[in-house]
Every structure is written in structure tokens, then in C-alpha cells.
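As a plain string of letters, each chain reads:
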Amino acid sequence: MTTSPRGQQSSNPAEPPPGCPAHASGTGSDVRFADAVRLYGPEVEADFDAVEARLRHTHGPVAPVRLAGDVGAWLLLGYQENLQAMRNSTLFSRDPRNWNVELAPDSPLAPLTAWAPLPNLTDGPEHARLRGAVTHALETFDRQGVRRYAVRCAHQQIDTFAEVGKADLVSQYTEQLPLRVVARLLGLDEQHVPQLITSVRDMLTGSTTAVHSNALISGLLNDLFTLKRRAPGHDITSSLIRYKTDPARPGSELTEDQLRDEVREHLRLLLTVAHAPTASLLASTLRMTLTDARFRGRLAGGQMSMPHAVEQTLWDQPPFPRLVGRWVKADTVLGRYDLRKGDLVVHAIGAANTDPAIRPADGEPVHNNSSHLTFSAGEHVCPGQELGRAIVETGVDTLLERLPDYRLSVGQETVLEHQALMSRVLESLPVEFTPVARHFPHEQEVVRRPQPAPVVPQHTPAPPPDEPQQPTRRRSLLGRR
């Protein structure tokens, strides 16, 4: 049931409910959104694709819509229109402080549009400074280094159900693997991973315990910062600290508290991005291998490589089907509409990727083309896209190797997907297979060369020493920036 912020169900879908944020901000009286379709509620969430198809037919590549609380926004459905907004950072800003709307504190849009000193919410020199730290930290590991972590974690996770002969690949695999890999890359100890997975998932659902989970994550990341500040290692956290304290770089004059807070929020962002989109992409790719005979046949027959299989999924089922968003910095025209300074635009990534203007009408695969907008474009293109690709490709590859006969244990029609404004989630993916032996015979399967023990805060367990950095030249994980 869709309710107003005061809990009263709106009886007329064409009018904002009493007390909603739109009334408070003045957007409720904006005639441009008077007849706009609501992009929320159970009917819309039941079939976002159908709603977006109707909007494209009625309005073309840009459509006026109303988000939760009947806040007006522009939904970009066309590929070229999305690309234009993504590439033109002078006219379209990622900084929500440019918005002409003041939300009520309890608005469901507040968590999606709250400003923070992060690379995805800043522009200009500040964006360059913050993004530079992230890209530098991700380059700590080349693609092969990430894959080694991912293979180890994938085998470890598969071992939890390999001998049983059945599993739910969503709850037991796709929602576990990305966070396991990223936690290790950040330098966290294995013993922290179960709590971390539970807390990140809970924080993103907005449950009644989300605030507590957020506090647990903050405490864990603060402890990790303290540990790596005293005893740096070969990990993303140490790389962030080194980058931000380099006297030759802008921002190195940060106080210790400012340094801790920036590093912590960078790490929180990496964890969040690792969980939601990567888990969704992994689940969607596995579903394709289970439900699309042509997809699995091309993959098994060598007509399509694993990277190409993931690319096809990125075109057809992007993890973020919609992205909030960008804010207009000066009056402009897009599509057939006049956009005003301070307006919010929402990127319909899924609709843009399937825009008839750029997709083959015959349904031919586009797996050898990476020009989709799933990872955005322009200066805000996702810096962690190669990390996500490496985790997903390795996750699917390892599962196919370990369980070559895995198959759905239910009918395809019972495999349900739920979409919200900014998420695509498979509820479950139950499979059965011939039971196989564990890959690692013991829980502590990784044996590493002994190294000096780091200095550890009293309340934080010591993580195991990391493998020494190899002297060979690394190829950048990011490929390009």
C-alpha cells in the first residue's frame, strides 16, 4: 500500500496527499507535473517495464513523473538523452544541493538524495580529489589479483551447500560472494564477514534495525582505519590512507578525524556498491543460464565468452534499472520539455539500454558491445565497474565448474523479481544438482606465509597477514577512467 508521509492512503492518484513533501516545497503546484504519472506504488512496482513503455509512447524520450510524496521529476527514457545528461556535468550536476525541493525529514527520497562528501555526489575539483583516492585504491589490485580473491571466496561459499545437492543461489551465493570478496580486499578479517553481510543488507533495506546496523558498520570501519593507520598492508584501506596523506596531493592537510571520516565513507560506499548491484548482476546472469536455453547454449558451446555473457546481462537487466539522479544547473530543453534550474532528472537505465533507437529490432544479442549505460558515462562513470565484472564473471565460472548440472528445482514462472525505484532483486533462485565434495577440506583453507603481526586496537581482532605484493608490473584494474 502506498501511503503519504503521515500514513494516510491517497485516494486520488492525480493529487498529492495532504502534508506530503511536494506541498511543503511547492512542487505540488508546478503545472508541469500536474498530470504526471506516479512512479511509485504497488501497481507501478509490479511492472515498471510496462509503465516506462507507456511513458515512452506518450511523451517520447523524456517524461514528467512524480516520485514518492508526489515530488516532480523528469524521467529520461532515451539513450541519447541519458548520455547527454551524463556527459554534460556543467549543465547536469550530481550534487543534490542544487535541488529546488526541500524534502520532509521522513520522505523516502531523503536517503537517496542526501548530500555527503563522496565522489558520486560532488562535482568539479572536489569530485576529482575524492574520485582520485578511490581509483587509486582500486588499482591496488589488478584484474588477476581480484580474480584470485573471487575464486577462493566462491569455492568457500559453494562449499557451504555443495554436499547437499540443492541450494537457493540468491541467499546462499549471490548475496554472499560480492561482500566476501570486497571485505577481503578492504583488509577485513574473515571473522567479520558474516556480521558485515547481515549489517549491510539490513542497512540497505531501511528496516527498523537499519540505524543499528549502520552504527555497527561505522564502528567496524573505524576500527579498520585505526588498524591500517598503524600497520598498513596490501589492501584498499591502506591505499586510501596513503593517497590521502601524500603531501604532494590536494587535501593532504586533513585532520586525523577528517581523514578517518573520509576513508570510512569511501569504504562504506564500496561495500554498498559491492552488495546491491554486483549481487543483482550475479543473480541475473545465473538466472539467464538457468532459464534461457540459447544463452546457456552459446556459453557452453563457446559462441559467447563469460565476459560477453555478463555484458549481455548488463544490457538487458541492469542492476540499477533507474538512477536518482542529476540536478539541472540552468534552464534547458531536453526532449520536448523545458527543464528548469534545480529540477531533478532520473535516469531510466533499463529503458535507455532497450531504446528502439539504438537496439536491434530483431532481438539479436549485443554481448560484444559495451556501450550500454549501466555504469553511467562521463566523469561520473562507475570507477568500480571492472571490480564488479571480475566478481560476477568469476562467480558464474566457478559455479559452472563445480556444479555443471545445476538446474532450477521449480518452474520458471515461480522465479520472481522485485523492482523498486533504484533496485532489481531476485527473491530466490532454487536449484538442485549432483552433490559434490568440498573444495577445501577444512574451514581455515587459506595457508599463507607468516608475516609480522600488525599493531591492533584492543577491541578489534587482528586480521590475518596479507600476501606480499609481487614485484611484477600490474595492469590497472580499472582499464580506463
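Structure first, text after, so check above.
Residues numbered from 1 in each chain as written. Predicted model: local features only at pLDDT ≥ 70, side-chain atom pairs only at ≥ 80, totals over all residues. Heavy atoms only, no water.

### Concerning the sheet that holds strand β5 (residues 166-168)
Within a sheet, neighbouring strands are paired by backbone hydrogen bonds and run either parallel or antiparallel to one another.
Okay, so step 1: One open sheet accounts for three strands, arranged β5-β13-β10; its pairing is antiparallel. Every other strand in the sheet has two partners, leaving β5 and β10 (407-408) as the edge strands with one partner each.
Okay, so step 2: Two strands pair when backbone bridges link them, and β5 and strand β13 (residues 430-432) are joined in this way by three bridges, in the antiparallel orientation. In the sheet register, K166 faces β13, and the bridge partner there is E432. (Pairing = 2+ DSSP bridges. Helix = DSSP H or I, 4+ residues; strand = E, 2+ residues; numbered from the N terminus.)

### Brief notes about the packing of helix α13 (residues 256-291) against helix α14 (residues 293-301)
Relative orientation and spacing of two packed helices are given, respectively, by the angle between their axes and the distance between those axes.
Okay, so step 1: Between α13 and α14, the shortest axis-to-axis distance is 5 Å and the interhelical angle comes to 95 degrees. Of the possible angle classes, the one that applies to α13 and α14 is roughly perpendicular. Between α13, through T285, M288, T289, L290 and T291, and α14, the contact on the second element is made entirely by A293, F295, R296 and L299.
Okay, so step 2: Here the residues of the contact of α13 with α14 are counted per class, giving five nonpolar, three polar and one charged. (Axes fitted to C-alpha atoms, helices over the stretch in contact; angles between N-to-C directions. Parallel < 35°, antiparallel > 145°, perpendicular 65-115°, else oblique. Contact = heavy atoms within 4.5 Å. Nonpolar A, V, L, I, M, F, W, Y, C, P; charged D, E, K, R; others polar.)

### A closer look at the environment of L118
Okay, so step 1: Within the secondary structure, L118 is located in the loop between α5 (110-113) and α6 (124-138).
Okay, so step 2: Sequence separation between L118 and H266 is 148 residues, and the spatial gap between their C-alpha atoms is 7.0 Å.
Okay, so step 3: In this structure, L118 is in contact with L130, E265, H266 and L269, ignoring residues within four places of it in sequence.

### Section: unusual backbone geometry
Okay, so step 1: Cis peptide bonds are those with omega within 30 degrees of zero, and the linkage from V324 to G325 qualifies with -20 degrees.
Okay, so step 2: Secondary-structure assignment places G325 in strand β6 (residues 323-328).
Okay, so step 3: For D70, which is not glycine, the phi torsion reads 60 degrees and is therefore positive.
Okay, so step 4: The phi dihedral of S376 is positive, around 70 degrees, even though this residue is not glycine.
Okay, so step 5: Note that S376 resides in the loop between α16 (349-353) and α17 (385-402).

### Let's talk about the pairing of strand β9 (residues 344-347)
Okay, so step 1: A two-sided burial pattern is seen for β9, the buried positions comprising L344 and V346 on one face and V345 and H347 on the other.
Okay, so step 2: The pairing of strand β3 (residues 71-76) with β9 spans three bridges and is parallel. When the sheet's bridge partners are listed, L75 is paired in β9 with V346.
Okay, so step 3: Taken together, the four bridges between β6 and β9 define a ladder with antiparallel strand orientation. Looking at the pairing, W327 lines up with L344 of β9. (Buried < 20%, exposed > 50% of the residue type's maximum accessible area, 1.4 Å probe, protein only.)

### Notes on the packing of aromatic side chains
Okay, so step 1: Counted by the stated rule, this structure contains six aromatic pairs.
Okay, so step 2: Between W74 and Y337 the ring centres are 5.2 Å apart and the planes differ by 40 degrees, which places this aromatic pair in the tilted class. Taken together, the positions of W74 in strand β3 and Y337 in strand β8 (residues 337-339) put the pair 263 residues apart, joining distant regions of the chain.
Okay, so step 3: Classification of W74 by relative accessible area gives buried; the value is 1%.
Okay, so step 4: The rings of F33, W74 and Y337 are connected pair by pair, giving a single aromatic cluster.
Okay, so step 5: Its end group placed over the ring of W115, R97 keeps NZ or CZ at 3.8 Å from the ring centre.
Okay, so step 6: In this arrangement the basic side chain of R296 is found over the ring face of Y406, its NZ or CZ atom lying 4.7 Å from the centre. (Phe/Tyr/Trp six-rings, centres within 6.5 Å; stacked < 30°, edge-to-face > 60°. Lys NZ or Arg CZ within 6 Å of the ring centre and 35° of its normal.)

### Examining the side chain of T278
Okay, so step 1: Tracing the chain through its elements places T278 in helix α13.
Okay, so step 2: For T278, a relative accessible area of 9% puts it in the buried group.
Okay, so step 3: Setting aside residues no more than four positions away along its own chain, T278 makes contact with P178, V273, G388, I391 and V392.

Fair warning: the whole summary comes from geometry, so function is off the table for now.
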